[in-house]
Amino acid sequence: MPSPTQRALARVPDRLRPFLVRHRRLVKFLLVGSGCFVLTTVINFELKFTVLEHKPVVALTVATVIGTVVSYVLNRRWAFRAAGRKREVLMFVLVSAVAIAVNDVPLVVSRYLLDLREPYIGPFEQEVADFLSGMVVGTFVAMLFRYRAMRRWVFVPPAGRTRAEPVPVPTAVPPEPDYAAPGMPPDVP
């Protein structure tokens, strides 16, 4: 029985499938990140328009921390498939603390250095500036930092093991019976 990933790849155009298989860790990381981005956005707006109305940076920080915890679990179990170790958790906390600060910097600059807030601009413009600086720019820069840091310092193989080499993708493989994604190695999760 094909895995959910294999079933999803079966629907991808043939010319894109080898690229996605070759970069599957990045694709999984981006899928986890997309889901956590939506979660962070929802929590940020909920906090910002209710209990933390006058503290947008705190609302973004709290939402980012919650999204980061969810991201850790999903990345560890699915994207990087690493077993939890004390060092891994410590490094994840350190990397995430830096990434959360990186995520907050564009919002702080927008709000307090560029004065893109009321009474200098209207409420709608303030919300657009907050979203673009905190959620879009901040998240993008933090994502780049997190991906490199996670691969380099957090989800590393135990001593003695090396990273798995990319699975070569055959260009022309006859379809197997009941196999969802022709051209994709059967061991791809």
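Parameters at a glance
Residues numbered from 1 in each chain as written. Predicted model: local features only at pLDDT ≥ 70, side-chain atom pairs only at ≥ 80, totals over all residues. Heavy atoms only, no water. Core = buried A, V, L, I, M, F, W, Y, C linked by side-chain atoms within 4.5 Å. Buried < 20%, exposed > 50% of the residue type's maximum accessible area, 1.4 Å probe, protein only. Helix = DSSP H or I, 4+ residues; strand = E, 2+ residues; numbered from the N terminus. pLDDT = per-residue confidence, 0-100. Contact = heavy atoms within 4.5 Å. Phe/Tyr/Trp six-rings, centres within 6.5 Å; stacked < 30°, edge-to-face > 60°. Axes fitted to C-alpha atoms, helices over the stretch in contact; angles between N-to-C directions. Left-handed = near helix turned anticlockwise from the far one by under 90°. Nonpolar A, V, L, I, M, F, W, Y, C, P; charged D, E, K, R; others polar. Patch = residues over 30% accessible without salt bridge, like charges linked within 9 Å, V, L, I, M, F, W, Y side chains within 5 Å. Areas by Shrake-Rupley, 256 points an atom, 1.4 Å probe, with all protein chains shown as cover. Salt bridge = Lys/Arg side-chain N within 4 Å of Asp/Glu carboxyl O.

As a further point, take the nonpolar core. Counting residues in each nonpolar core, the largest one holds 12 residues, listed as Phe29, Tyr72, Ala79, Phe80, Met91, Phe92, Val95, Tyr147, Ala149, Met150, Val154 and Phe155. Mapped onto this core, the elements with two or more residues apiece are helix H4 (56-79), helix H5 (86-113) and helix H6 (123-154). Element by element, the count of residues in this core is highest for H6, at 4 residues. Residues Ile43, Leu47, Ala59 and Ala63 belong to the second largest nonpolar core, which totals 5 residues.

Mean pLDDT over the chain: 81, with 80% of residues reaching 70 or higher. Counted against residues more than four places away or in other chains, residues 172-180, with its pLDDT under 50, gives 11 contacts.

On to the packing of aromatic side chains, then. Counted according to the given criterion, the structure contains 4 aromatic pairs. Ring geometry for Phe45 against Phe131: centres 6.1 Å apart, planes inclined by 15 degrees, an arrangement best described as stacked. In this pair, Phe45 is assigned in helix H3 (residues 24-48) and Phe131 in helix H6, connecting sequence segments 86 residues apart. In this structure an aromatic cluster arises from ring pairing among Phe45, Phe49 and Phe131.

Along the chain, Glu118 connects to Pro119 via a cis peptide bond; the corresponding omega equals 5 degrees. With respect to the helices and strands, the residue Pro119 is situated in the loop between H5 and H6. Positive phi outside glycine occurs at Asp115, with the angle close to 55 degrees. Along the chain, Asp115 falls in the loop between H5 and H6. On the accessibility criterion, Asp115 (27% relative accessible area) is partly exposed.

Packing of H4 against H5 brings their axes to within 10 Å, and their N-to-C directions diverge by 145 degrees. Viewed along their axes, H4 and H5 form a crossing whose handedness is right-handed. Taken together, the residues of H5 that come into contact with H4 (itself represented by Pro56, Val57, Leu60, Thr61, Thr64, Val65, Thr68, Tyr72 and Arg76) are Glu88, Val89, Phe92, Ser96, Ile100, Asn103, Asp104, Leu107, Val108, Arg111 and Tyr112. Considered class by class, the residues forming the contact of H4 with H5 number 11 nonpolar, 5 polar and 4 charged.

On to a nonpolar patch on the surface. Taken together, the side chains of Phe124, Val128, Leu132, Val136, Val137, Phe140, Val141 and Leu144 make up a nonpolar region of the molecular surface, amounting to roughly 710 Å² of accessible area. One can find Phe124 in helix H6.

Another point: the environment of Phe140. By the element assignment, Phe140 lies in helix H6. Linking Phe140 and Val102, residues 38 residues apart in sequence, is a C-alpha distance of 9.8 Å.

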